[in-house]
There are 2 protein chains.
Amino acid sequence: MLVNGKQGNLISIRDRGLLYGDGVFRTLLTLNGRAQHWPLHFQKLHKDCSSLGIVCPDIDLLSAELDRLLMQQPDGVVKLIVTRGQGIRGYAPSAEAIPTHIWDISPLPDYPPDRTTLGIRARMCQLHLSQQPRLAGIKHLNRLENVLAAAELNDADVAEGLLMDADGNVIEGTRSNLFLVVQGKLVTPDLSRCGVAGVQRGRVMVWAAQHGMQLQVRDVRLDEVLHADELFVVNSIIGLWAIRELDQQKWSSFPVSAKISRDLNGQDA
Amino acid sequence: MLVNGKQGNLISIRDRGLLYGDGVFRTLLTLNGRAQHWPLHFQKLHKDCSSLGIVCPDIDLLSAELDRLLMQQPDGVVKLIVTRGQGIRGYAPSAEAIPTHIWDISPLPDYPPDRTTLGIRARMCQLHLSQQPRLAGIKHLNRLENVLAAAELNDADVAEGLLMDADGNVIEGTRSNLFLVVQGKLVTPDLSRCGVAGVQRGRVMVWAAQHGMQLQVRDVRLDEVLHADELFVVNSIIGLWAIRELDQQKWSSFPVSAKISRDLNGQDA
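As a convention, each chain's residues are numbered from 1 in the sequence order in which they are written. Here every chain gets a letter starting at A, and every ligand a number starting at 1, in the order they are written. Reporting of local features is limited, given that this is a predicted model, to residues whose pLDDT is at least 70; pairs of side-chain atoms are given and counted only at 80 or more, and all residues count toward the totals for whole chains, interfaces and linings.

Student: Sorry if this is basic, but what is going on with the overall build of chain A here?
Tutor: For the purposes of this entry, the term helix denotes a DSSP run of H or I that reaches at least four residues, the term strand denotes a run of E that reaches at least two, and both are numbered from the N terminus. Scanning chain A from N- to C-terminus turns up 8 helices and 16 strands. In terms of overall size, chain A behaves like a compact globule, its C-alpha atoms giving a radius of gyration of 19 Å where 269 residues would be expected to give roughly 18 Å. Over its C-alpha atoms, taken along the principal directions, chain A stretches across nearly 55 × 40 × 35 Å. Burial is judged by counting other C-beta atoms within 10 Å of a residue's own C-beta: 20 or more means buried, 12 or fewer means exposed, and anything between counts as partly exposed, with every C-beta placed from the backbone. For chain A, buried positions account for 51% of its 269 residues. What counts as a contact here is a pair of residues whose C-beta atoms, placed from the backbone, lie within 7 Å. Excluding contacts between residues fewer than 6 apart, the proportion of contacts in chain A whose partners are at least 24 apart in sequence is 71%. What the globule rule says is 2.2 Å times the number of residues to the power 0.38, and the radius of gyration is computed from C-alpha atoms.

Student: What exactly am I supposed to notice about helix H3 (residues 59–72) of chain A here?
Tutor: Each α-helix turn comprises 3.6 residues. Residues three or four places apart therefore point the same way. Residues and elements named next belong to chain A. A helix's residues, less one, multiplied by 1.5 Å, set its expected span. For H3, built from 14 residues, the straight-helix expectation of 20 Å at 1.5 Å per residue is met to within 8% by its first-to-last C-alpha distance of 20 Å. Among the residues of H3, those classed as buried are Leu 62, Leu 66, Leu 69 and Leu 70. For H3, the buried positions fall inside an angular range of 95° around the axis, keeping them on one side. For H3, exposure combined with an orientation more than 90 degrees from the buried face picks out Asp 60, Leu 61, Ala 64, Asp 67, Arg 68, Met 71 and Gln 72. In this description, the arc belongs to the directions extending from the helix axis to the C-beta atoms.

Student: Teacher, can you tell me more about the domain arrangement of chain A here?
Tutor: The parts lose accessible area when they come together, and the size of an interface is often stated as this lost area. All names here are of chain A. Along its sequence, chain A is organised into domain 1 (2–106) and domain 2 (114–266). Here the C-alpha centroids of domain 1 and domain 2 sit 26 Å apart. Those elements that place two or more of their residues in the side of domain 1 that touches domain 2 are strand S4 (23–31) and helix H2 (38–52). Per element, the largest residue contribution to the side of domain 1 that touches domain 2 is 7 residues, and it comes from S4. Here the nonpolar group is Ala, Val, Leu, Ile, Met, Phe, Trp, Tyr, Cys and Pro; Asp, Glu, Lys and Arg are the charged ones; every other residue, Gly included, is treated as polar. The residue inventory of the side of domain 1 that touches domain 2, partitioned by class, reads 7 nonpolar, 8 polar and 3 charged. Residue ranges assigned to the domains are those given by an automatic or database domain assignment.

Student: How do you make sense of the interface of chain B and chain A when you look at a structure like this?
Tutor: The interface of chain B with chain A comprises 43 residues on the first partner and 43 residues on the second. Listed by contribution, the elements that provide at least two residues to the side of chain B that touches chain A are strand S3 (10–12), helix H1 (16–20), strand S7 (100–106) and helix H5 (144–151) of chain B. Looking at the side of chain B that touches chain A element by element, the count peaks at 7 residues for H5 of chain B. Among the residues making up the side of chain B that touches chain A, the classes are represented as 22 nonpolar, 13 polar and 8 charged. Only strands that DSSP links by at least two bridges are regarded as paired with each other. Bridge analysis of strand S3 (residues 10–12) of chain A against S3 of chain B gives 3 bridges, and the strand direction is antiparallel. Bridge assignment links Ser 12 of chain A to a residue of S3 of chain B, and that residue is Leu 10 of chain B.

Student: Explanation requested: the pairing of strand S9 (residues 158–165) of chain A in the structure shown.
Tutor: Consecutive residues of a regular strand have side chains that alternate between opposite faces of the sheet. Residue and element names in this part refer to chain A. Among the 8 residues in S9, 7 count as buried, and that is most of the element. Taken together, the 6 bridges between strand S8 (residues 120–129) and S9 define a ladder with parallel strand orientation. Each residue of the ladder has a partner; that of Arg 121, found in S9, is Val 158. Crossover handedness is defined here as right-handed if the route from the first strand over the helix to the second strand goes clockwise, with the strands pointing away from the viewer. The handedness of the S8 to S9 crossover, carried by helix H5 (residues 144–151), is right-handed. Pairing between S9 and strand S10 (residues 170–173): 3 bridges, direction antiparallel. Bridging from a neighbouring strand, Met 164 pairs with Val 170 of S10.

Student: It is not clear to me how the relation of the copies chain B and chain A should be interpreted in this structure. Could you clarify?
Tutor: Two copies of one chain are present, and they are related through a rotation about an axis combined with an axial shift. The transformation that overlays chain B on chain A combines an axial shift of 0.0 Å with a rotation of 180°, and the residual RMSD is 0.0 Å. One copy is carried onto the other by what is essentially a two-fold rotation axis. A shared interface surface links the copies, since 100% of the contact residues of chain B are contact residues in chain A too. To line up the copies, we fit them by least squares on C-alpha atoms, keeping just the residues with pLDDT of at least 70 in both.

Student: Just checking my understanding: could you explain the environment of Gly 119 of chain B for this structure?
Tutor: Residue and element names in this part refer to chain B. Relative to the helices and strands, Gly 119 resides in the loop between helix H4 (114–118) and strand S8 (120–129). The exposure class assigned to Gly 119 is buried, which follows from the 24 C-beta atoms found within 10 Å. For the pair Gly 119 and Trp 241, spaced 122 residues apart in sequence, the C-alpha separation works out to 5.6 Å. Sequence-distant contacts of Gly 119, defined by excluding residues within four places in its chain, comprise Trp 241, Ala 242, Ile 243, Arg 244, Trp 251 and Phe 254.

Student: Help me understand the confidence of the model for chain A, please; the structure alone is not making it clear to me.
Tutor: Atomic detail in the predicted coordinates should be set aside for any region of low pLDDT. Here pLDDT means the predictor's own confidence in every residue, given as a number from 0 to 100. The pLDDT averaged across chain A works out to 96; a share of 100% of its residues lies at or above 70. Complex prediction metrics read pTM 0.97 and ipTM 0.97.

Student: How should I be thinking about the sheet that holds strand S5 (residues 34–35) of chain B in this particular structure?
Tutor: What holds strands together in a sheet is hydrogen bonding between their backbones, with the strands either parallel or antiparallel. Residues and elements named next belong to chain B. Read from one edge to the other, the open sheet built from 6 strands follows the order S2-S1-S7-S6-S4-S5, with strand pairing classed as antiparallel. The strands lining the two open edges of the sheet, one partner per strand, are strand S2 (6–7) and S5. Helix axes use the C-alpha atoms of the stretch in contact, all axes being lines fitted to C-alpha atoms, and the angles between their N-to-C directions lie in the range 0 to 180 degrees. Strand contacts of helix H2 (residues 38–52): strand S4 (23–31), S5 and strand S6 (76–83), with the helix running at about 175° to S4, the strand carrying the most contacts. Each of strand S1 (2–3), S4, S5, S6 and S7 is contacted by helix H3 (residues 59–72), which is oriented at about 25° to S7, the strand it contacts most.

Student: Looking at this structure, I do not really get the sheet that holds strand S7 (residues 100–106) of chain A. What am I missing?
Tutor: Residue and element names in this part refer to chain A. Spatially, 6 strands are ordered S2-S1-S7-S6-S4-S5 in an open sheet, and the strand pairing comes out antiparallel. The two strands at the open ends of the sheet, each matched to only one other strand, are strand S2 (6–7) and strand S5 (34–35). Two elements, strand S1 (residues 2–3) and S2, share 2 bridges in a ladder whose sense is antiparallel. In the sheet register, Val 3 faces S2, and the bridge partner there is Lys 6. Along the sheet face, H2 touches S4, S5 and strand S6 (76–83) and points at about 175° away from the line of S4. Sheet strands in contact with H3 are S1, S4, S5, S6 and S7, and its direction is about 25° off that of S7.

Student: I tried to follow the packing of helix H6 (residues 199–210) of chain B against helix H8 (residues 255–266) of chain B on my own but got confused; where do I start?
Tutor: A pair of packed helices can be characterised by two numbers: the angle between their axes and the separation between those axes. Residues and elements named next belong to chain B. At a closest axis distance of 11 Å, the pairing of H6 and H8 adopts a crossing angle of 105°. Between H6 and H8, the angle is such that the two are roughly perpendicular. Taking contact as the criterion, the partners of Arg 203, Val 204 and Trp 207 in H6 are, on H8, Ile 260, Asp 263 and Leu 264. Working definition: roughly parallel below 35 degrees, roughly antiparallel above 145 degrees, roughly perpendicular at 65 to 115 degrees, and oblique for all remaining angles.

Student: How should I be thinking about the pairing of strand S12 (residues 185–189) of chain A in this particular structure?
Tutor: All names here are of chain A. Burial analysis of S12 places 4 of its 5 residues in the buried class, which makes it a mostly covered element. Two strands pair when backbone bridges link them, and strand S11 (residues 177–182) and S12 are joined in this way by 3 bridges, in the antiparallel orientation. Across the sheet, Leu 180 pairs through a bridge with Val 187, a residue of S12. Where S11 hands over to S12, the hairpin turn is made up of 2 residues, of which Gln 183 adopts a positive phi near 50°. Judged from the 4 bridges that link them, S12 and strand S13 (residues 215–218) form a sheet pairing that is parallel. The partner of Leu 186 across the bridge, within S13, is Leu 215.

Right, here's the structure in full:
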């Protein structure tokens, strides 16, 4: 674990990351000492920092620290947090604040492999996401809605929960982005009012463009989700999981999801 | 500064307070070694912890730690944070997590005293608060909206910004609660969809009941705010500030605000 480039696992109680959730983060898969799609993650980190007016650490600095981390532990889940740093008391961000950046690494999760081959059970969450266009899409540290939603999933056999916003649009999973296959097209929810636009979502969008598959980013109602030909969720750690069961609805075949999953995994190094 | 009862100013980078803003806090004024209205703050802390399913530390434990803190620094602004503590990776809160509690103390702010006597200049913020009934009223650690709103107030002569929600209801200040005096009645915004219900707001409500002044908690539109007989904002540190200027609108007399301010301050020890 590294805090501002030094070995350590502690930060100041005056860091605005703790006080206000004033920061952003990334979660990366690392295999055989290689962080998967690190340039995409850095790009997104940089964009999210800019959205909040936080100065993102330099890519060369971060890449060098990541290499140090992976020499010690070549496989795992890497978390990178950038906060606005310490400041004087009060919500207003100070222009002089020096951002804090933090690396942590955890063991690879042991998800049942049949989630990738057979799909998962999912559930609609009771919690509805709030709409905040100023924060939408950003992977920031204000994640209490995800905590409340994840707390609803107390059945170990339910691998993910899907979330609607206050207007009844289906937005995402508690820790994943959602795609629908509808009549040979891909559809993924518009994230301009809430939700987190993940790196893996971006990779699916690029895949669609490369394979000439039409993709729509728009509002999606629950009824359309329940009647989609296929459904799948993605994130950088799970890769792609098709959904075989969502509340009372069931699916038994996922040819498009399976092809995208294979292609995306094939690009992992 | 105390972390879990021990002298220190560091917490783990795996604390869910940092990772997700999964915690709550209080800000108290302390004068001559006495924390003002500590029982009310504890009551609110306990309620907020319960709302998130966090086990609140015992009042006797917290009171003893507060006494230790105030022996070292009798005057200042005390901050108390309770987080859900460390957990395994992932949003879902673990039932085994042991909450972290943190005390910090800062010097008293040097607000110009004429803010209390002459009122303040305020401004409507551009940012609109999102609506999340599951988190409304709670003083939790997801405070990016307050950060963005406070960042708008770059004029040192503007002492507070007021916030509307996405539907155009006026909700609160960036760090205070709002009251209107309208035809001899008090009105304060309903906080069931967003906003933080502060201890000082509760004290004004009790004052109204004790003084037979009618008080309404309900939705408030901007037009009503701009045409109120008096406006004031409250929090535990500033006490009560009347508003003498809000964007283009001006007020020059605040008899009700002044009386409430005197009475509330008179109860400070």
